[in-house]
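# Understanding the architecture of this molecule
Residues per chain, in single letters:
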Amino acid sequence: MEGVKKRAIIIWDVDINGDTSEVYELHQLVNEYANEFKQFLRSKNAKLANLVTIEGDPKAGVPQAERRGPTGELKDIVFRGTRGTNHKVKIPMRTSKTEQMISAGVKKRLQEFRNRIGARNLFSDDQLTMMLETECDHMMELYNAGEPLQYSDSGSKAVLCNPEQMKTMKFDTQPKKLTTK
């Protein structure tokens, strides 16, 4: 029977009244402690140690950022996982015409757009960048008019169509003018 993967975690809220070298020394010792945990487990419970496989290197240390407060319950800790490598195509931070900073909601939708379209590998990075700029301008026009945020017509088609259709699709590089009622 295959085992169940679980995550064992140890969290200490540590207060150290030391300088940088002493914090670094503590960091090294915490790391050493984590690396020797398997030996500790074997000395305390050899049968259990034979059942446990620790994948990868332990992640231990003293982060440089100060704590914002005491650690809560373990059940409330969120593990976000790895972000992987950064995407080559960057999200625009300003509109192309007015140089207006984009809102957080527009940024979130542009990231989703980039990730969905980029995962299909049908457009070059330059084409995807151009598409993002077009969607950015379109969504910020909606945002400024107080309208709900949504992709442009061609952006929606690009997100929703199947990959075969995308190969022949022309992406509208000029957003439609928003008409207010």
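Above this text you will find the structure in question.
Read on for a plain summary of the structure. (Residues numbered from 1 in each chain as written. Predicted model: local features only at pLDDT ≥ 70, side-chain atom pairs only at ≥ 80, totals over all residues. Heavy atoms only, no water.)

### Observations concerning the packing of helix α4 (residues 104-118) against helix α5 (residues 125-144)
Think of two packed helices as two axes; the pair is described by the angle between the axes and how far apart they sit. One can describe the packing of α4 onto α5 by two numbers: an axis separation of 10 Å at closest approach and a directional angle of 150°. Between α4 and α5, the crossing angle belongs to the class labelled roughly antiparallel. Of the two possible hands of crossing, α4 and α5 adopt the one that is right-handed. Each of Val106, Arg109, Leu110, Phe113, Arg114, Ile117 and Gly118 in α4 lies in contact with α5, whose residues at this interface are Leu128, Met131, Leu132, Glu135, Cys136, Met139 and Met140. Looking at side-chain class alone, the contact of α4 with α5 contains ten nonpolar, one polar and three charged residues. (Axes fitted to C-alpha atoms, helices over the stretch in contact; angles between N-to-C directions. Helix = DSSP H or I, 4+ residues; strand = E, 2+ residues; numbered from the N terminus. Parallel < 35°, antiparallel > 145°, perpendicular 65-115°, else oblique. Left-handed = near helix turned anticlockwise from the far one by under 90°. Contact = heavy atoms within 4.5 Å. Nonpolar A, V, L, I, M, F, W, Y, C, P; charged D, E, K, R; others polar.)

### Digging into the nonpolar core
A general feature of soluble globular proteins is that nonpolar side chains tend to end up buried together. Ranked by size, the top nonpolar core spans 17 residues in total, and within it Ile102, Val106, Leu110, Phe113, Ile117, Met131 and Leu132 carry the most contacts. For this core, the secondary-structure elements that each account for two or more residues are α4, α5 and α6 (153-160). Sorting elements by how many residues they give to this core places α5 first, with six residues. Excluding anything up to four places from it in sequence, Leu110 contacts Ile91, Pro92, Ile102, Leu132, Glu135, Cys136 and Met139. (Core = buried A, V, L, I, M, F, W, Y, C linked by side-chain atoms within 4.5 Å. Buried < 20%, exposed > 50% of the residue type's maximum accessible area, 1.4 Å probe, protein only.)

### Observations regarding the pattern of salt bridges
A full pass over the atoms with the stated rule returns four salt bridges. Residue Arg116 is joined to Glu112 by a salt bridge in which the shortest nitrogen-to-oxygen separation is 3.3 Å. Of this pair, Arg116 and Glu112 both sit in helix α4, four residues apart, which is roughly one turn of that helix. Residue classification places Arg116 among the partly exposed positions, given a relative accessible area of 37%. Of the residues examined, Glu112 reaches a relative accessible area of 37% and is grouped as partly exposed. (Salt bridge = Lys/Arg side-chain N within 4 Å of Asp/Glu carboxyl O.)

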